[in-house]
Amino acid sequence: METKSHGGSGAATGARRRLLGKPIPAEGEGGVFTQSWYPVCMSSELAPGKILGTSFLDGRIVVFRGESGRVQALSAYCPHLGGDLAAGSIVGDAVRCAFHHWEYSQEGTCLKTGLGDPPPPGACLFRFPTVERYGMIWAFNGETPLFDLPDFPYPDDDLVFRVEAHEEVFPVDPWVVCCNTPDVQHIRVVHGFKFDKGEPAENMVITDHSMMYDFDGIHPAGPRVTFRVGIFGTTLFYQSSFFNGRWYGYIAPFGMPAPGQTKVYYVLATRKSEGDEASQKELLDFAMGVQRQILADDAPILRGVHFRPGTLTKSDTALARFLEYLRKFPRAHPSAEFIR
């Protein structure tokens, strides 16, 4: 008796597997996460002396600003009896647990206990490499950063920034959002950009920790644009752009409050030395509108995509190179025993 297979022939199944290629590991798969810079909050959310508790990776951290103004991200739970340090207070540049008043330095070491007992040798927190830049506070998943945050082509002190948080958290890992940048089919058919001076795959430069390409083209509204765009790590979109001859910079940091979730921020910049305050505001208003519209176009896709590399075509050359970059990206979880 002949048996029918509802899954297709063996040859077809084998062909499909070859086309799919090696899958991209999900964040948290195997207990590890990509070693990238993650935004944890906006600078405006952290006044001096304030502690903010937030979900991060597969656990919880605190980020706080000491009296000196310096910020630091640490694991959230006091190693004494597990008190959440977000309920604590700031003493100088240290954080004090509300439960028994044990104090911890920004290096994560226990400075003193509430009743004066010597701190046990294991009384320490995980200290995340922490940077405050571009109106954001960033934590690196690792003990030592593997790369720096990108620079704009102009000094930070010549820039005016606008920073906002997107209202919706998307049900995908940050690297899925990053894939839109080298996805030329997506850029053309969804966002309506036209490349008229070469293809991104022709000038794409991939390092161990970044991908970048340049393009000249036509914006859907009609003006010519010159963009330099890329991805740093697996959590940061970068853009340096000229729109009708005026420069603005854009960074979209992708936070990860939990595996399979992405929190998007908007960081826009224009030059103080170009134009007056009113014209700078006008450009930033315009740029914010552009970037919010792009994300609005992507939102219905991100809410339901089951992302997997499938039957790629010639137009997917740049995307295919980026997928290989993702497969090789270093992953680790040195804070695991501290943040959960």
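For clarity, every value in this text was computed on a predicted model and none was experimentally measured.

Another point: empty space enclosed by the protein. Applying the stated criterion across every chain, the model contains one cavity of 30 Å³ or more. Contributing to the lining of the largest cavity are 24 residues, with Thr181, Phe237, Gln291, Ile294 and Asp298 lying nearest its centre.

Take Thr235: it is sitting in the loop between strand S17 (224-232) and strand S18 (236-243). With a relative accessible area of 1%, Thr235 lands in the buried category. As a C-alpha pair, Thr235 and Val189 span 46 residues in sequence and 24 Å in three-dimensional space. Apart from residues lying up to four places away in sequence, Thr235 is in contact with Ser36, Trp37, Tyr38, Pro174, Cys178, Ala252, Pro253 and Phe254. Here the side chain of Thr235 touches Trp37 through a polar contact of 2.4 Å, landing on its backbone oxygen.

A word on the environment of Leu326. With respect to the element layout, Leu326 can be found in helix H6 (residues 317-328). In this structure Leu326 comes out as buried when scored by relative accessible area, which is 0%. Separated by 215 residues in the primary sequence, Leu326 and Leu111 have C-alpha atoms spaced 40 Å apart. Not counting residues up to four positions away in its chain, the partners in contact with Leu326 are Ile24, Trp175, Cys179, Thr234 and Arg331.

What follows is about the environment of Ile51. Relative to the helices and strands, Ile51 is located in strand S3 (residues 51-56). Since its relative accessible area comes to 12%, Ile51 is described here as buried. Sequence-wise, Ile51 and Val172 are 121 residues apart; in three dimensions their C-alpha atoms are separated by 28 Å. Beyond its immediate stretch of four places on either side in the chain, Ile51 contacts Leu46, Val62, Val63, Phe64, Leu85, Ala86, Gly88, Ser89, Ile90 and Val95.

Within the open sheet, the four strands sit side by side as S3-S4-S5-S10. Their pairing is antiparallel. Among the strands making up the open sheet, the edge pair consists of S3 and strand S10 (127-128).

Once that is clear, we can look at the pairing of strand S5 (residues 71-75). With five of five residues buried, S5 is to be regarded as a mostly interior element. For strand S4 (residues 59-65) and S5, the ladder comprises five bridges, and the chain directions are antiparallel. Looking at S5, one finds that Val63 is bridged to Ala73. As consecutive antiparallel partners, S4 and S5 are separated by five residues, and within that stretch Gly69 has a phi angle of approximately 100°, a positive value. Across two bridges, the pairing between S5 and S10 is antiparallel. The residue of S10 that forms the bridge with Ala73 is Phe128.

About the cut-offs
- Residues numbered from 1 in each chain as written.
- Predicted model: local features only at pLDDT ≥ 70, side-chain atom pairs only at ≥ 80, totals over all residues.
- Heavy atoms only, no water.
- 1 Å grid on protein atoms, 1.4 Å probe; cavity = no way out; pocket = protein on both sides within 12 Å on 5 of 7 lines; lining within 4 Å.
- Points joined across faces, edges and corners; volume = space filled by probe spheres on them.
- Helix = DSSP H or I, 4+ residues; strand = E, 2+ residues; numbered from the N terminus.
- Buried < 20%, exposed > 50% of the residue type's maximum accessible area, 1.4 Å probe, protein only.
- Contact = heavy atoms within 4.5 Å.
- Polar contact = N/O pair within 3.5 Å; in protein donor to acceptor, adjacent residues only side chain to side chain.
- Pairing = 2+ DSSP bridges.

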